Each structure stands twice: as structure tokens, then as C-alpha cells.
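# Residue-level structure breakdown
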Amino acid sequence: MAEFSFWFVISLTVLSAVVVVLSNQLIYSAMALLFTLFGVAGIYVFLWADFIAGVQLLVYIGGILILIIFGIMLTNRISSVRLSQTNVQQGVGGAIAIWLVILISLVISKTPWYQADAIEPTETVAQVGTLLLTKYLLPFEAISLLLLGALIGAALLSRKEN
């Protein structure tokens, strides 16, 4: 069952990422990005990086993706139902992507990989949480204020001038 779940998460991530790139509708791309980010969080769970998976859900899905969707909704008129964009360099991007896949495949096939028995970590969140709330509390709060300022600035810039 774990192997089936792994391949389901991988296929969900890759297929939704393809929809993000190839869709002409911005809102469809944003919704496909939601599934892509969920898939990446699922991959982190399979790598036993539960803290990074939680951060992926909270920061990227809960913050960045919502900010992108608000940006799409606030910067365009509500009457323009078919909000779209054009992909003018799909051919160039596709060619570069194919060459990168070939290059990465060659590197993966030629590399002698070290294999060891996997040992499940006992705890991954406690040490990171302790560091975030003690030693790195000031930078953590400074970043949250920076993100809040960026959100307020984006909301002010998207308002209509009278």
C-alpha cells in the first residue's frame, strides 16, 4: 500500500505541474499549483521530513498560494471571466525541458549510488521547534513582519486610484 501511495503522490505532483505550465487560464494554473504543492508535501512525508511537510502546507499553500490567488482576483476586473495568458515560448521551454530530462537521466544512470538500510528517525520536529522558539525567534518574527508588509503593500497597490 505504501508503494501505491508513493506512486500516486508522484503522479499527482507531476501531472498537476504539467497542468500549471500548459494551462492558458491563470486560475486553473493556480488550482493545479495547489495540487502540485500538496504532492510536494506528500513527498516530504515519504522522506520522513514531517516538519518540512508541515512548513510546505502552512507557508506555500496557506500563504503563498492564497496570495497568488488574491493577486489574480484583485488585479483584474471581476467582469473578465476568461482571464488567460499566452505561452509565447512554449517550444523553447519544451526543448530546454527535454534536454534537462535527458541530462538528469544520464547523470542518474551513470552515478554509483550508495545504498544503506533506512532507519526511521525518532523525532524531527522537536529540535527544529525548540530552535525556532529560542535561538532564532527574532529572525522568525522579522520574516513574518516582512511578509505582512508585503501583503499590505500588494493590497494597496491593487486598489483603484480615484
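Relevant structure appears above.
The paragraphs below set out a description of the structure included in this document.

What counts, and at which threshold
All chains use their own residue numbering, which begins from 1 and follows the written sequence. Residues qualify for local features only when their pLDDT is at least 70, as the model is predicted, and side-chain atom pairs are given and counted only at 80 or more; totals for whole chains, interfaces and linings, by contrast, use all residues. Values shown for side chains rest on all heavy atoms present in the structure; no hydrogens or waters enter the calculation. Where helices and strands are cited, they refer to DSSP runs of H or I of at least four residues and of E of at least two residues respectively, numbered from the N terminus. Radius of gyration means the value over C-alpha atoms here, while the globule rule gives 2.2 Å times the residue count to the 0.38 power. Any two residues whose heavy atoms approach within 4.5 Å at even a single point are treated as in contact. Orientation is described by axes fitted as lines to C-alpha atoms, over the contacting stretch for helices, and by angles from 0 to 180 degrees between their N-to-C directions. Small angles under 35 degrees read as roughly parallel and large ones over 145 as roughly antiparallel, with 65 to 115 read as roughly perpendicular and the rest as oblique. Residues are sorted three ways: Asp, Glu, Lys and Arg are charged, Ala, Val, Leu, Ile, Met, Phe, Trp, Tyr, Cys and Pro are nonpolar, and all the rest, Gly among them, are polar.

## Here's the deal with the overall build of the chain
- In terms of regular secondary structure, the chain is built from 6 helices and 0 strands.
- The helix and strand sequence of the chain, counted from the amino end, reads α-α-α-α-α-α.
- Scaling as 2.2 N^0.38, a compact globule of 162 residues should have a C-alpha radius of gyration of about 15 Å, whereas the chain reaches 20 Å, well beyond that.
- Each principal axis of the C-alpha atoms in the chain carries an extent, and together these give about 65 × 50 × 30 Å.
- Relative to all contacts within the chain whose residues are 6 or more apart in sequence, the contacts with residues 24 or more apart total 64%.

## Observations regarding the packing of helix α2 (residues 26–46) against helix α3 (residues 50–74)
- Their axes nearest at 9 Å, the elements α2 and α3 cross at an angle of 175°. In terms of orientation, α2 and α3 fall into the roughly antiparallel class. Across from Leu26, Ile27, Ala30, Met31, Leu33, Leu34, Leu37, Phe38, Val40, Ala41, Tyr44 and Val45 in α2, the residues of α3 making contact are Ile52, Ala53, Gln56, Leu57, Tyr60, Ile61, Leu65, Ile68, Ile69 and Ile72.
- Looking at side-chain class alone, the contact of α2 with α3 contains 21 nonpolar, 1 polar and no charged residues.

## A look at the side chain of glutamine 56
- Mapped onto the elements, glutamine 56 comes out in helix α3.
- Aside from chain neighbours lying at most four places away, what touches glutamine 56 is Leu37, Val40, Ala41, Tyr44 and Ile61.

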